[in-house]
Structures are given as structure tokens and as C-alpha cells.
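# Report on the structure
One letter stands for each residue in the lines below.
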Amino acid sequence: MKDILLTGDRPTGPLHLGHYVGSLKNRVALQNTGKYEQYVMIADIQALTDNANDPQKIRNNLLEVTLDYLAAGLQPDKTTMFIQSHIPALFELPMFYANLVTMSRLERNPTVKNEIKLRGFERNLPVGFMTYPISQAADITAFKAKYVPVGDDQLPMLEQAREIVSAFNRTYNCDVLVEPQAILPENSECSRLVGTDGNAKMSKSLGNCIYLRDDEKTVKQKIMSMYTDPEHINVSDPGHTEGNTVFAYLDAFSTPESFSAYTTEYANLEEMKEHYRRGGLGDMKCKKLLNSIMQDILRPIRERREEYAKDKGYLLDMLAQGVDKANERATQTLDEVRAAIGVDYLKNRDFFLK
Ligand code: TRP
């Protein structure tokens, strides 16, 4: 049997470059190895945990995210794409898991803490939001996923999921659930792509994203107005490459081939960075190089997206098939979970009749 891979995205907006380098690119590469059984989930229920009063937003983004998946290179014959809210097992499992997790453990979850800060929740935190790590553990374990390709912001979620797995297997003396492991991107710039304004995270609410669906002009504009080094005023001034968004993106997206294709001056990024630090290299030139690199990456994605966008019916059919397949898997795990706890009374009549 192949190892199972699962990830998901909240459909609160179209996907951006942070999603792409943080996980999507990895998923496509892993899909293409043919070595795994891969599931990719549109996490609409998780999106509701902090958007309960705006379900319209989630609905509007369902096909946007689906298009981003296909545009990035996920293929329905190799990756099962499905919708979280259509898999009942994903709501049943958290109810069983919740009894194995303490309040104080949830309160310590750094991702949740961070998001509470970002969203301005204090004591008004919805209970559903507080417990979403439990729901996420259900997403992963329902499929017995061994690997989860994510950015490093999701590591606390995986830690939580592993704890639930071991508590479950220990408490019910079984080996039904599988401990998941993260697959992280190749470097830390990819794992946590900064926003175009230099903010620590690319996020829709901060308005600092480059979306996979942005057109050529928009991408260029966003790159040209990127945050760089405020102390690098004249071209001749020495500059900082650390904390400089343009260089963070070059770290995340450039390859040695980008340098042979677009510059004659530098053999690689390190040489270019040295020039910038010494002084004499202007921001504009760096941004132009970045723009060429980004356009090359985004062009084929955008073209595929436009093609797929012509047939919404196809997208819905594909999701329906994904939902069927995902339900089969998840229901089977749920059955095993119920049997392990012993709440399978009506399926296990012998216990009562013997
Ligand atoms: N929390 C993830 C995010 O915000 C989305 C998600 C939901 C997920 N369920 C998952 C990721 C299961 C990996 C595995 O992007």
C-alpha cells in the first residue's frame, strides 16, 4: 500500500505565492513521483471557524481555490481533491478526540495564539476556533496520512495531531490512527514567505499578497512597490539583504538558471547579494530580475487557470468525485475508531447477544 499524503487550504481567498512555495509546489512534485496516495482538501469548515458570519466569502472562493489547484498542476487522476464539509466523518471524529485534549494544551498552541492576535480575538474567541486544531487532527487522521506537506506555521498543528494519535491509540489500546509527519519546503524563505510589504506573513487580510491569478501587470506593480531596505537610499549606498523583501523572494524563487537567463553580471544569488551589500546595486535592477523570474513561474499557472475557468461544471464534477473517494476512506477510519472505543453497538451485536 502506498503512503498517504494529505493537506488542505482555507478557502477565504484565492491562493497566493505563500501557499505556492509553502506547500502547493511540493504537493505537485510529490504527486508527480507517483509514490503516494494524495488528498488535498478545501478546508471550508475550518474557514468558518473565524468567518461564521460570512459564509458567502467561503462559497465564493470554493472554485477559486479549485482553479488554483489545477492551475498549479494538481491532477484529479493523481490527487483526490475534495471539500471538508462534505465528509461527515470529519465532524464525528473531533467529538471523540476532544475528550483526549485539555484546554490548557489548546491554549498553548502557538498557531492559535498567533491567529488570535492577528484577528483581534480576545475572550470573544469562538469555541469552534479554539478547537480547530482538533478538527485538523481529524482531517489528517481520517485519511491515515503519514505525510503532510505544509509551511512551518502548521508545525504546532501536526504536533497536536501526533499527540491525539498517541493518546487515542494508548487510551483505546489499539493502533488504528497513524502519526503524521510534516514535509517542509526546501528553505525557510519558502516555508514562511513574507508579504510584499515586508510583513512576516503573506496574508489576505494584510493586503500584501501576490495571487496566483494576478495578471502580468498586477504582479509587476506589486513587485515594483515591494519593501526593500529603508537605509538604502542611493544606489551607491551599501544595502541590507536580510529583512529585504526582494531578496527574500529571490531566495524563495530564483534558481541558478534564473541567473544565466537574466544576468550577465552574477553567476548566482550570493554574488548579487554581495554587490548589494557593498553598494552600487540599485533596488530597481533587483526588482526587474525578480519580476522576470516571477512572470516565468506565474505565466503557465495563469494560462492553465484561464483554460479551466471556462468549464465550471467540470470543476464541480471533479470535486464530487473527490468527495466520494474521500468519504470512502474517512468512513472506514471512523468505523475503526468507533470499534476501538466500543461505540459500534449495532454493528457488533454479538457482544450483547452472546
Ligand atoms: N490550517 C491549514 C491552513 O490554514 C489548513 C488545513 C486544514 C490543513 N486542515 C488541514 C492543512 C489538514 C494540512 C492538513 O492553511
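Here's what I pulled together on the structure shown here. The structure presented is a predicted model; accordingly, all values stated were derived computationally and were not measured. (Residues numbered from 1 in each chain as written. Predicted model: local features only at pLDDT ≥ 70, side-chain atom pairs only at ≥ 80, totals over all residues. Heavy atoms only, no water.)

Of the regular secondary structure elements, the chain holds 17 helices and five strands. Taken over the C-alpha trace, the chain has a radius of gyration of 22 Å; the compact-globule value for 354 residues is 20 Å, and the two agree within 12%. The buried share of the chain, taken over its 354 residues, is 51%. Within the structure as shown, the chain displays about 17300 Å² of accessible surface, and the carbon and sulfur contribution to it stands at 50%. (Helix = DSSP H or I, 4+ residues; strand = E, 2+ residues; numbered from the N terminus. Rg over C-alpha atoms; globule rule 2.2 N^0.38 Å. Buried < 20%, exposed > 50% of the residue type's maximum accessible area, 1.4 Å probe, protein only. Areas by Shrake-Rupley, 256 points an atom, 1.4 Å probe, with all protein chains shown as cover.)

Overall, the coordinates contain 22 salt bridges when judged by the stated rule. Between E307 and K310 there is a salt bridge, and its shortest N-O distance comes to 2.9 Å. Look at E307 and you get partly exposed, because its relative accessible area is 49%. In this structure K310 comes out as exposed when scored by relative accessible area, which is 63%. Connected through salt bridges with shared partners, the residues E64, D68, R213 and R305 form a single ionic network. (Salt bridge = Lys/Arg side-chain N within 4 Å of Asp/Glu carboxyl O.)

This next bit is on the site of the ligand. The immediate surroundings of the ligand are formed by 13 residues, with R10, Q46, Q136, D139 and Q154 found nearest. With respect to the ligand, the side chain of Q136 contributes an N or O atom lying 2.9 Å from a nitrogen atom. At 2.8 Å from a nitrogen atom of the ligand is found a side-chain nitrogen or oxygen belonging to D139. Put simply, the parts of the chain that give the shell around the ligand at least two residues each are strand 1 (3-9) and helix 8 (132-142). Looking at the shell around the ligand residue by residue, the class counts come to six nonpolar, five polar and two charged. (Near = heavy atom within 4 Å. Polar contact = N/O pair within 3.5 Å; in protein donor to acceptor, adjacent residues only side chain to side chain. Nonpolar A, V, L, I, M, F, W, Y, C, P; charged D, E, K, R; others polar.)

This part takes up unusual backbone geometry. With glycine set apart, most residues show a phi of negative sign, and most peptide bonds adopt trans. Backbone geometry at K144 places phi at a positive 55°, although glycine is not the residue there. By secondary structure assignment, the location of K144 is in the loop between helix 8 and strand 4 (147-149).

Time to look at helix 16 (residues 312-341). Here helix 16 spans 42 Å end to end across 30 residues, near enough to the 44 Å set by a 1.5 Å rise per residue. Residues of helix 16 that are buried include every one of L315, M318, L319, G322, V323, A326, N327, A330, T333, L334 and V337, and no others. One side-chain oxygen at the N-terminal end of helix 16 lies 3.3 Å from the backbone nitrogen of G313; it belongs to D311. Positive phi appears at G342, one or two residues downstream of helix 16, with a value of about 95°. (Expected span 1.5 Å × (residues − 1).)

A separate point is helix 8. The buried fraction of helix 8 amounts to 11 of the 11 residues, a majority that puts the element mostly inside the structure. Looking one or two residues past helix 8, K144 carries a phi angle of roughly 55°, positive in sign.

With respect to the helices, strands and loops of the structure, T141 is situated in helix 8. According to the relative accessible area criterion, T141 is buried, its value standing at 0%. Separated by 123 residues in sequence, T141 and G18 place their C-alpha atoms 25 Å apart. Contacts of T141, omitting those with residues within four sequence positions, involve Y97, V165, L177, V178 and T333. Side-chain polar atoms of T141 contact the side chain of Y97, separated by 2.8 Å. (Contact = heavy atoms within 4.5 Å.)

This part is about the pairing of strand 2 (residues 36-42). For strand 2, the tally of buried residues reaches six of seven residues, placing the bulk of the element in the interior. Pairing analysis gives five bridges linking strand 2 to strand 3 (residues 79-83), with the strands arranged parallel. Across the sheet, I42 pairs through a bridge with I83, a residue of strand 3. (Pairing = 2+ DSSP bridges.)

Take it as geometry only, folks, not as evidence of what the structure does.
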